[in-house]
Amino acid sequence: MRRADRLFQIIQILRRSRQPVTADAIAEELETSKRTVYRDIADLIGQRAPIRGEAGVGYILEDGFDLPPLMLTPDEVEAAVLGAQMVAARGDPALKRAAEDLVAKIAAVIPEQLRPLVLEPATRAAPAWHALPDNLDMAEVRRAIRAGRKITLTYRDEQERETRRTVWPFAIGYYETSRLLVTWCELRQAFRSFRTDRVSAAEFTDERYPERPATLRARWRRMREEHWQKMKEAS
């Protein structure tokens, strides 16, 4: 790998991680030595890249730094197109349009030699033949999540029992045939997920819930990690 490409990849590795990244991890991904990584990090810092950290601890790229837009590798182009295909196949109509617009924008601005990867992709996502319909406006759900606003759901469970819940939505899970709205449920005072095809009615309120969506997502992830760790230890 050329040195310029290696420096670019180090920035990419640091940019995609929220936690400190060790020189060992960088060296393993780039298939080079830790000594080379230390030298490259020092060169990047000398070029005023806002990298914070030290050898043996890990490195973080501070906020406010960016690279010129759409300096994409062929693998990155194919990953973006494949991801957009999957969103178009499994997302709601608004996300489907957004995915198609994204592919068109990428095709319009990437170098000519990469354009066939967008217009004639070799990778394909299978269509979602048996996808269940959403019974609420998913674009409105995403707006509620971004704004941190409550939704009141009328919901049918597997036994067709109907309940009314006021929830704090913070994530949506996309599966092969269904979607899950991940929330904090005021009725149960706990995290609860609701299949969007089982929602009978939804009222989108203007009332903001007291926590940030990102905080709820972090708590939910920690809870899941602790659950899986306990299951692993018990097996």
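Everything below is about the structure printed above this text.
Because the structure is predicted, anything quoted here is derived from the model rather than measured. (Residues numbered from 1 in each chain as written. Predicted model: local features only at pLDDT ≥ 70, side-chain atom pairs only at ≥ 80, totals over all residues. Heavy atoms only, no water.)

1. Considerations on the overall build of the chain
What counts is decided by this rule: By definition, any uninterrupted DSSP run of H or I lasting at least four residues is a helix, any uninterrupted run of E lasting at least two residues is a strand, and each is numbered from the N terminus. Radius of gyration here uses only the C-alpha atoms, and the compact-globule reference equals 2.2 Å multiplied by the residue count raised to the power 0.38. Under the scheme applied here, a residue whose accessible area is under 20% of the maximum for its type counts as buried, over 50% as exposed, and between as partly exposed, the area being computed with a 1.4 Å probe on protein chains only. We call two residues contacting when some pair of their heavy atoms lies within 4.5 Å.
Along its length, the chain carries eight helices and seven strands. By the compact-globule yardstick of 18 Å for 235 residues, the chain is too spread out, its C-alpha radius of gyration being 22 Å. In the chain, buried positions account for 34% of the 235 residues. Partitioning the intrachain contacts of the chain with sequence separation of at least 6 by distance along the chain shows that 60% fall at a separation of at least 24.

2. Looking at unusual backbone geometry
Only a minority of non-glycine residues have a phi that is not negative, and only a minority of peptide bonds are not trans. One non-glycine residue, Arg-48, lies in positive phi territory at about 75 degrees. By the secondary structure assignment, Arg-48 is in the loop between α3 (34-46) and β1 (51-54). Phi is positive for Glu-160, close to 65 degrees, though the residue is something other than glycine. Tracing the backbone through its elements, the reader meets Glu-160 in the loop between β3 (149-156) and β4 (162-174).

3. As for the nonpolar core
Side chains of a nonpolar character, in soluble globular proteins, are inclined to be buried together. Operational definition: Nine residue types can take part in a nonpolar core, namely buried Ala, Val, Leu, Ile, Met, Phe, Trp, Tyr and Cys, and a core is a set of them joined through side-chain atoms within 4.5 Å.
Core analysis: the biggest nonpolar cluster contains 17 residues, and Ile-10, Leu-14, Ile-26, Ile-41, Leu-44 and Ile-51 have the highest contact counts within it. Put simply, the parts of the chain that give this core at least two residues each are α1 (3-15), α2 (23-30), α3 and β2 (58-61). With five residues, the single largest contributor to this core is α1. The next biggest cluster of nonpolar side chains, apart from the first, holds 14 residues, and it includes Tyr-155, Leu-181, Cys-185 and Val-199.

4. Points about the pairing of β4
Here is the rule: The pairing criterion for strands is at least two bridges between them, as found by DSSP.
As paired strands, β3 and β4 are joined by six bridges and run antiparallel to one another. Residue pairing in the sheet places Arg-156 in a bridge with Glu-162 of β4. Connecting β3 to the next strand, β4, in antiparallel fashion are five residues, including Glu-160 with a positive phi near 65 degrees. Sheet analysis places β4 next to strand β5 (residues 179-185), joined by seven bridges and oriented antiparallel. By the bridge assignment for β5, Val-167 is matched with Cys-185. As consecutive antiparallel partners, β4 and β5 are separated by four residues.

5. Describing the pattern of salt bridges
For clarity, the threshold we go by: Any Lys or Arg side-chain nitrogen located within 4 Å of an Asp or Glu carboxyl oxygen qualifies as a salt bridge.
Evaluation of the coordinates by the stated rule reveals 19 salt bridges. For Asp-43, the salt bridge identified is with Arg-3, shortest N-O distance 2.7 Å. Here the residue Asp-43 occupies a position in helix α3, and Arg-3 occupies one in helix α1, the gap between them amounting to 40 residues. Among the residues examined, Asp-43 registers a relative accessible area of 27% and is labelled partly exposed. A relative accessible area of 40% places Arg-3 in the partly exposed class. For Arg-164, the salt bridge goes to Glu-203, with nearest N and O atoms at 3.2 Å. Pair noted here: Arg-164 is in strand β4 and Glu-203 is in strand β7 (residues 199-208), with a separation of 39 residues, a long-range link.

Distances and angles like these do not, on their own, reveal function.
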